[in-house]
Amino acid sequence: MSDQLLIISYFFLQFKHTLLSDLSAVALFLPMFLIFDVPLSLMVLLGIGRWFWRKHHEQEKPYYSPLVTCGVTCYSEGEDIKKTILTLCEQVYSGHIEIIVVIDGASINKSTYQAALECREIVTRYARRKLIILPKWQRGGRVSSSNAALNIAKGELFFALDADTSFDNDTVSQIVQEFTDPNVPAVGGSLRVRNDNVSLVSRMQALEYMISLQGAKTGLAEWNVINSISGAFGAFRTNFVRQIGGWDTHSGEDLDITLRIKQYMARHPELRIPFAAHAMGYTDAPTTANSLFMQRIRWDGDLYFLYLRKHKQGLSPRLLGWRNYISTVLYGVVQNILLPYLVVFYTIWVFFNYPAQVVCAGFAIQYLCYLFFTVLHFLVFLIAVSKHPAKDIHYFKWLPFYPIYGFIMRIVNAIAVLNEQIRRSHEESNMAPWWVLKRGKRF
């Protein structure tokens, strides 16, 4: 035992001596951490605190039960479409729900089309629920499916949903109550991972959806700077979306329509986009490293395309207002496009210019910094935001892996941005066939 203590003491002293002898490698990391991550964390945490206080002190909202249209976009979900339709039928919402299921490429997507047809008889058992099946025989992509549903929607509110997403039975009620404010054109819904127990990859995404999506959007929405309304689960005023032209061609249509809505905010400062933290949708996440990599190559590449190509002229305080302009530039452009490059270059530079002890010391400090904020955000989420804290607490044991996952995702982010810069990868998106993307405007 004494020998083991001597060995541990020796390594600790070596680590301490190395760290104190050359702190320049660590010092280069601190500005990135202090300038970007710490202010964002504080803004999110303060926003969550404000949301928590407001939820427990606000007056009851007036009763509001408009006709709601749920536009469900389908491609290759098969039998999973039945879960989605059933969870929409079972909503406790007392108003009418119109469910429009759009089957993209129905001529080749026969299994999904047949599964949707089998739901017709099931829906008739539910009062105030109506099912419309809209087959698009030629494949046109997600955007054309959303617009097809929007075109025939009769609801005052339009929910844009994915066919592989299921919902809690109070989801529609939670979302609708946010629209009692006439200045709300859109509301973001919470997404969680339902196949989290399949692999470590899916567990890390479950944590990401909790901390970086549900938790962060709850906080950011309190300052009216929500970054994106999820394409798998978002709600809009039907007439508003029609007036701005519906969904647009290309990929990343969820961020695209969010940016287009926010470009009215400087001229109409009363507009706000809230986030319904307890309106829960559940989706399947990639379960392997390769499938996750391919998903993030598409997602992160779309960020570069949308921010610096398609909406380059729209990133203006004259359109967005100063609050959303600063937030979009710092935490949209800089953090998601520039910072991943800095992380990669910093990592390479440290490895080539410092001995192994300094590299290990530097990355150990980074790891501990991010682990501290990960634990802090998780605990705040658990106490203030989580709808099911007794179930979510079991994720705590996976927190030590999350900073490593976050670092790897930053590297993937850099690869995705480079891929979009060089190859225009958004033109290869599986969200739409090539002949649709080819006809879109080239930015």
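Computed from a predicted model, the values in this text were never measured in an experiment. (Residues numbered from 1 in each chain as written. Predicted model: local features only at pLDDT ≥ 70, side-chain atom pairs only at ≥ 80, totals over all residues. Heavy atoms only, no water.)

Engineer: Can you walk me through the overall build of the chain in this structure?
Structural biologist: The helix and strand tally for the chain stands at 17 helices and eight strands. Radius of gyration (C-alpha) of the chain: 23 Å, near the 22 Å computed for a compact globule of 443 residues. In terms of overall dimensions, the chain has a C-alpha envelope of 75 × 50 × 45 Å along the principal axes. Taken across its 443 residues, the chain has 55% of its residues classed as buried. Across the chain, contacts joining residues at least 24 apart in sequence account for 82% of those joining residues at least 6 apart. Carbon and sulfur atoms provide 63% of the accessible area of the chain, an area that totals close to 20,700 Å². Here the chain carries 44 positive and 35 negative side-chain charges, and the mean point of each set is 5 Å from the other. (Helix = DSSP H or I, 4+ residues; strand = E, 2+ residues; numbered from the N terminus. Rg over C-alpha atoms; globule rule 2.2 N^0.38 Å. Buried < 20%, exposed > 50% of the residue type's maximum accessible area, 1.4 Å probe, protein only. Contact = heavy atoms within 4.5 Å. Areas by Shrake-Rupley, 256 points an atom, 1.4 Å probe, with all protein chains shown as cover. Lys, Arg positive; Asp, Glu negative; His and termini not counted. Charge placed at Lys NZ, Arg CZ, Asp CG, Glu CD.)

Engineer: I would appreciate a short explanation of the environment of Ser144 in the present structure.
Structural biologist: Position of Ser144 relative to the elements: it lies in helix H6 (residues 142-152). Along the chain, Ser144 and Ala432 lie 288 residues apart, while their C-alpha atoms are 8.8 Å from each other. Engagement of the side chain of Ser144 in a polar contact is seen with the backbone oxygen of Gly140, the distance being 3.3 Å. Within polar-contact distance, the side chain of Ser144 engages the backbone oxygen of Gly141 at 2.9 Å. (Polar contact = N/O pair within 3.5 Å; in protein donor to acceptor, adjacent residues only side chain to side chain.)

Engineer: What's the story with the packing of helix H10 (residues 253-262) against helix H11 (residues 289-310) in this structure? I'm lost.
Structural biologist: Running from amino to carboxyl end, H10 crosses H11 at an angle of 35 degrees, the nearest separation of the two axes being 9 Å. The two elements H10 and H11 meet at a crossing, and its hand is right-handed. Every residue of H11 that contacts H10 at Leu255, Asp256 and Leu259 is listed here: Leu303, Leu306, Tyr307 and Lys310. Of the residues contributing to the contact of H10 with H11, the split by class is five nonpolar, no polar and two charged. (Axes fitted to C-alpha atoms, helices over the stretch in contact; angles between N-to-C directions. Left-handed = near helix turned anticlockwise from the far one by under 90°. Nonpolar A, V, L, I, M, F, W, Y, C, P; charged D, E, K, R; others polar.)

Engineer: What is the right way to look at helix H7 (residues 171-178) in this model?
Structural biologist: Residues lying three or four places apart along an α-helix face the same way, a consequence of the helix completing one turn every 3.6 residues. Along H7, the residues that are buried comprise Thr171, Val172, Ile175, Val176 and Glu178. One side of H7 carries all its buried residues, which in axial view fall inside an arc of 150 degrees. (Arc of directions from axis to C-beta.)

Engineer: Even after reading the chapter, I still don't get empty space enclosed by the protein, so can you show me in this structure?
Structural biologist: Using a probe with the size of a water molecule, rolled over the atoms, empty space left in the structure can be pinpointed. Counted by the stated rule, this structure contains two cavities of 30 Å³ or more. In this structure, the largest cavity spans a volume of roughly 60 Å³. Along the walls of the largest cavity sit Arg142, Ser146, Ala160, Ile229, Ser230, Gly231, Phe236, Trp247, Glu253, Asp254 and Ile257, which together make up its complete lining. The leading source of residues in the lining of the largest cavity is H10, at three residues. The class makeup of the residues in the lining of the largest cavity is five nonpolar, three polar and three charged. A volume near 40 Å³ is recorded for the second largest cavity. Lining the second largest cavity, in full, are Val44, Leu45, Ile48, Ile211, Gly215, Ala216, His377 and Phe381. Sorting the residues of the lining of the second largest cavity by element identifies helix H2 (24-57), helix H8 (200-222) and helix H14 (356-385) as the ones contributing at least two each. The class makeup of the residues in the lining of the second largest cavity is six nonpolar, two polar and no charged. (1 Å grid on protein atoms, 1.4 Å probe; cavity = no way out; pocket = protein on both sides within 12 Å on 5 of 7 lines; lining within 4 Å. Points joined across faces, edges and corners; volume = space filled by probe spheres on them.)

Engineer: Would you mind showing me how to read the pairing of strand E4 (residues 157-162) here?
Structural biologist: Regular strands place their side chains on alternate faces of the sheet. Most of E4 is tucked away, with six of its six residues classed as buried. Residues Leu157, Phe159 and Leu161 line one face of E4 and the alternating positions Phe158, Ala160 and Asp162 line the opposite face, and both faces are buried. Of the pairings in the sheet, the one linking strand E1 (residues 68-74) to E4 comprises six bridges and is parallel in character. In the strand pairing of E4, Thr69 is matched with Phe158. Pairing between E4 and strand E7 (residues 233-237): five bridges, direction antiparallel. (Pairing = 2+ DSSP bridges.)

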